[in-house]
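So you can see what is in the structure, the chains are spelled out below.
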Amino acid sequence: MTREQERLVALGAVFQAAVLVDRIATTGSAPPASINALLDSLLVRNPANTLAVYGGDDINLLEGYRALSNILERASSPLQREPLRYALGMLTLERRLAKNSDMLSTIAQRLQQIENQVQHFGQGHENVIASCGGLYQDTISTFSQRIQVHGEMRFLQQPDNAAKIRALLLCGIRSAWLWHQLGGRRWQLIFARKRYSTLLQQRLSSR
């Protein structure tokens, strides 16, 4: 993969997290496989390439690709408004996090503990999701600028859903960090919109 294609994978993962957050907030559920693929990305160290961060395949990022494609193509769909807001919020919070070395150290230490939980309880266990959600709440959620999630209160008020949403926001910010590390910048969403859109269509058509 080219560096540009790798950036697309990472950005697609940001939007995948945003789509899943919106789905949980509005319907109360999301595919476990999609959630687990993003949760696993939190614990990947020294990957061979960007796809390796997401299990070596971007099959669980397709909804994120489609949401990003719709936005780049400026397709009018009210269903895309909240995911776009969440994704842009994650890109912004990642930049704030990158400047906070103490918080980065705390997150690294807590992720090590979460990795031990995964080995004990298994992938996608409620305790693991709760720990990831708690990590987000204790760190990134303390910034003055926060991501306000909109949806059905009956779903948002369920502790399990709240934990999943926070965990997914953490995953999205991890992917935003990777996107930025690969050379991704927010201005590209405007000035390189057509190029990104073309690459996305190629990626989607190959699935």
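It should be emphasised that the depicted structure is a prediction, and the values quoted were computed from it without experimental measurement.

The rules behind these values
- Residues numbered from 1 in each chain as written.
- Predicted model: local features only at pLDDT ≥ 70, side-chain atom pairs only at ≥ 80, totals over all residues.
- Heavy atoms only, no water.
- Helix = DSSP H or I, 4+ residues; strand = E, 2+ residues; numbered from the N terminus.
- Rg over C-alpha atoms; globule rule 2.2 N^0.38 Å.
- Buried < 20%, exposed > 50% of the residue type's maximum accessible area, 1.4 Å probe, protein only.
- Contact = heavy atoms within 4.5 Å.
- Areas by Shrake-Rupley, 256 points an atom, 1.4 Å probe, with all protein chains shown as cover.
- Lys, Arg positive; Asp, Glu negative; His and termini not counted.
- Charge placed at Lys NZ, Arg CZ, Asp CG, Glu CD.
- Core = buried A, V, L, I, M, F, W, Y, C linked by side-chain atoms within 4.5 Å.
- Axes fitted to C-alpha atoms, helices over the stretch in contact; angles between N-to-C directions.
- Parallel < 35°, antiparallel > 145°, perpendicular 65-115°, else oblique.
- Expected span 1.5 Å × (residues − 1).
- pLDDT = per-residue confidence, 0-100.
- Patch = residues over 30% accessible without salt bridge, like charges linked within 9 Å, V, L, I, M, F, W, Y side chains within 5 Å.
- Salt bridge = Lys/Arg side-chain N within 4 Å of Asp/Glu carboxyl O.
- Left-handed = near helix turned anticlockwise from the far one by under 90°.
- Nonpolar A, V, L, I, M, F, W, Y, C, P; charged D, E, K, R; others polar.

When its secondary structure is counted, the protein chain shows 11 helices and 0 strands. If you list the helices and strands of the protein chain from N to C, you get α-α-α-α-α-α-α-α-α-α-α. For the protein chain, whose C-alpha radius of gyration is 16 Å, the value lies close to the compact-globule estimate of 17 Å for 207 residues. Oriented by its inertia axes, the alpha-carbon framework of the protein chain measures out at about 40 × 40 × 35 Å. When each of the 207 residues of the protein chain is scored for burial, the buried share is 48%. Excluding contacts between residues fewer than 6 apart, the proportion of contacts in the protein chain whose partners are at least 24 apart in sequence is 79%. Taken as a whole, the protein chain presents about 10,200 Å² of accessible surface, with 48% of it coming from carbon and sulfur. Separation between the mean location of the 24 positive side-chain charges and that of the 16 negative ones in the protein chain comes to 8 Å.

Before going further, it helps to examine the nonpolar core. Counting 65 residues, the largest nonpolar core has Leu38, Met90, Ile140 and Val149 as the members making the most contacts within it. Here this core gets 13 residues from one element, more than from any other, and that element is helix 1 (residues 3–27).

Where helix 1 contacts helix 11 (residues 193–205), the two axes come as close as 11 Å, and the packing angle between them is 80°. Judged by the inter-axis angle, helix 1 sits roughly perpendicular to helix 11. Residues Glu4, Gln5, Arg7, Leu8 and Leu11 of helix 1 touch helix 11, and the partners they reach there are Arg195, Tyr196, Leu199 and Leu200.

Our next topic: unusual backbone geometry. Within the chain, Asn46 stands out as a residue other than glycine whose phi angle is a positive 50°. Note on placement: Asn46 falls in the loop between helix 2 (32–41) and helix 3 (50–53). Among the residues examined, Asn46 registers a relative accessible area of 78% and is labelled exposed.

This part is about helix 1. Given a rise of 1.5 Å per residue, 25 residues ought to cover 36 Å, and the 36 Å separating the end C-alpha atoms of helix 1 matches this to within 8%. Where burial is concerned, most of helix 1 is hidden: 19 out of the 25 residues are buried. Taken from the residues just after helix 1, Gly28 is the one with a positive phi, measuring 90°.

Regions with low pLDDT carry predicted coordinates that are not meant to be interpreted in detail. Of all residues in the protein chain, 98% have pLDDT values of 70 or greater, and the mean over the chain is 94. When the elements of the protein chain are averaged for pLDDT, helix 10 (residues 188–191) gives the smallest value, 88, and helix 9 (residues 159–181) the largest, 98.

Attention now goes to a nonpolar patch on the surface. Together, Trp187, Ile190 and Phe191 give the surface a local cluster of nonpolar side chains, amounting to about 420 Å² of exposed area. Inspection of the secondary structure puts Trp187 in the loop between helix 9 and helix 10.

Further remarks concern the side chain of Gln16. Along the polypeptide, Gln16 turns up in helix 1. Residue classification places Gln16 among the buried positions, given a relative accessible area of 1%. When residues no more than four places from it in sequence are discounted, the contact partners of Gln16 are Ser34, Leu38, Asn60, Leu61, Leu62, Glu63 and Gly64.

With that out of the way, let us pick up the packing of helix 4 (residues 62–72) against helix 11. Direction vectors running N to C along helix 4 and helix 11 enclose 145°, while the axes themselves pass 10 Å from each other. Crossing handedness for the pair helix 4 and helix 11: left-handed. From helix 4, Leu62, Tyr65, Arg66, Leu68, Ser69 and Leu72 reach across to helix 11, where they touch Arg193, Tyr196, Ser197, Leu200, Gln201, Arg203 and Leu204. For the contact of helix 4 with helix 11, the class distribution of residues is 7 nonpolar, 3 polar and 3 charged.

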